[in-house]
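# Inside the fold
Chain by chain, the residues:
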Amino acid sequence: MPKKNIKSEKPIKKYILSVLIGLLVFLICVSVFSLLALKTPYPKENTLFQALVSVAVASFASSFFFVIKQRAKGLVSGLIIGFILLVLLFLIFITSSSFKLNESSLLLIPACLLPSAFAGIFAVNVKRR
């Protein structure tokens, strides 16, 4: 029986797993920021900053996890993971209470795609021991 070429297979499970990791990291970041807002006198104007940092950390983590396993095409793979995560986050935000598409919500696009592209490049170049 011939061996399957692992590189040629579609990594659908890896995409799903890495996006789920990104969503989990996003939920953890949002929870930490919410606890900080409850325990400290935190200005309400910082909620956009909290959302952008949460999205950036989540997209970095999900892209890094995916590309470190793949070890090739870091920029493209990172952008694909970032785009999938961005679409899922927009769907979550749209189904939530009162989401409006305005300038501040459009800041999520570079906040998601830039860290994921950087994570893809970084993960390809990380040396293994």
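Above this text is the structure in question.
A brief report on the enclosed structure follows. (Residues numbered from 1 in each chain as written. Predicted model: local features only at pLDDT ≥ 70, side-chain atom pairs only at ≥ 80, totals over all residues. Heavy atoms only, no water.)

## With respect to the overall build of the chain
- Counting its secondary structure elements, the chain contains five helices and zero strands.
- Listing every helix and strand of the chain by position from the N terminus yields α-α-α-α-α.
- In the chain, which comprises 129 residues, the proportion classed as buried is 31%.
- Contacts in the chain between residues far apart in sequence, at least 24 positions, make up 79% of those at least 6 positions apart.
- About 8,900 Å² of surface is accessible on the chain, with carbon and sulfur atoms providing 72% of the total. (Helix = DSSP H or I, 4+ residues; strand = E, 2+ residues; numbered from the N terminus. Buried < 20%, exposed > 50% of the residue type's maximum accessible area, 1.4 Å probe, protein only. Contact = heavy atoms within 4.5 Å. Areas by Shrake-Rupley, 256 points an atom, 1.4 Å probe, with all protein chains shown as cover.)

## Topic: helix 3 (residues 74-95)
- Taking 1.5 Å per residue, 22 residues should reach 32 Å; helix 3 reaches 31 Å between its end C-alpha atoms and fits that length.
- Of the residues making up helix 3, those classed as buried are Gly74, Ser77, Gly78, Ile81, Gly82, Leu85, Leu86, Leu89, Phe90 and Phe93.
- Elements in contact with the buried residues of helix 3: helix 1 (12-39), helix 2 (47-70), helix 4 (103-106) and helix 5 (108-125). (Expected span 1.5 Å × (residues − 1).)

## Some points on the packing of helix 1 against helix 2
- Where helix 1 meets helix 2, the closest approach of the two axes is 8 Å, and the angle between their N-to-C directions is 150°. The orientation of helix 1 with respect to helix 2, classified from their angle, is roughly antiparallel. Relative to helix 2, the crossing made by helix 1 is right-handed. Here Lys14, Tyr15, Leu17, Ser18, Val19, Ile21, Gly22, Val25, Phe26, Cys29, Val30 and Phe33 of helix 1 lie close against helix 2, whose contacting residues are Gln50, Ala51, Val53, Ser54, Val55, Val57, Ala58, Ala61, Ser62, Phe65 and Phe66.
- Split by residue class, the contact of helix 1 with helix 2 holds 17 nonpolar, five polar and one charged. (Axes fitted to C-alpha atoms, helices over the stretch in contact; angles between N-to-C directions. Parallel < 35°, antiparallel > 145°, perpendicular 65-115°, else oblique. Left-handed = near helix turned anticlockwise from the far one by under 90°. Nonpolar A, V, L, I, M, F, W, Y, C, P; charged D, E, K, R; others polar.)

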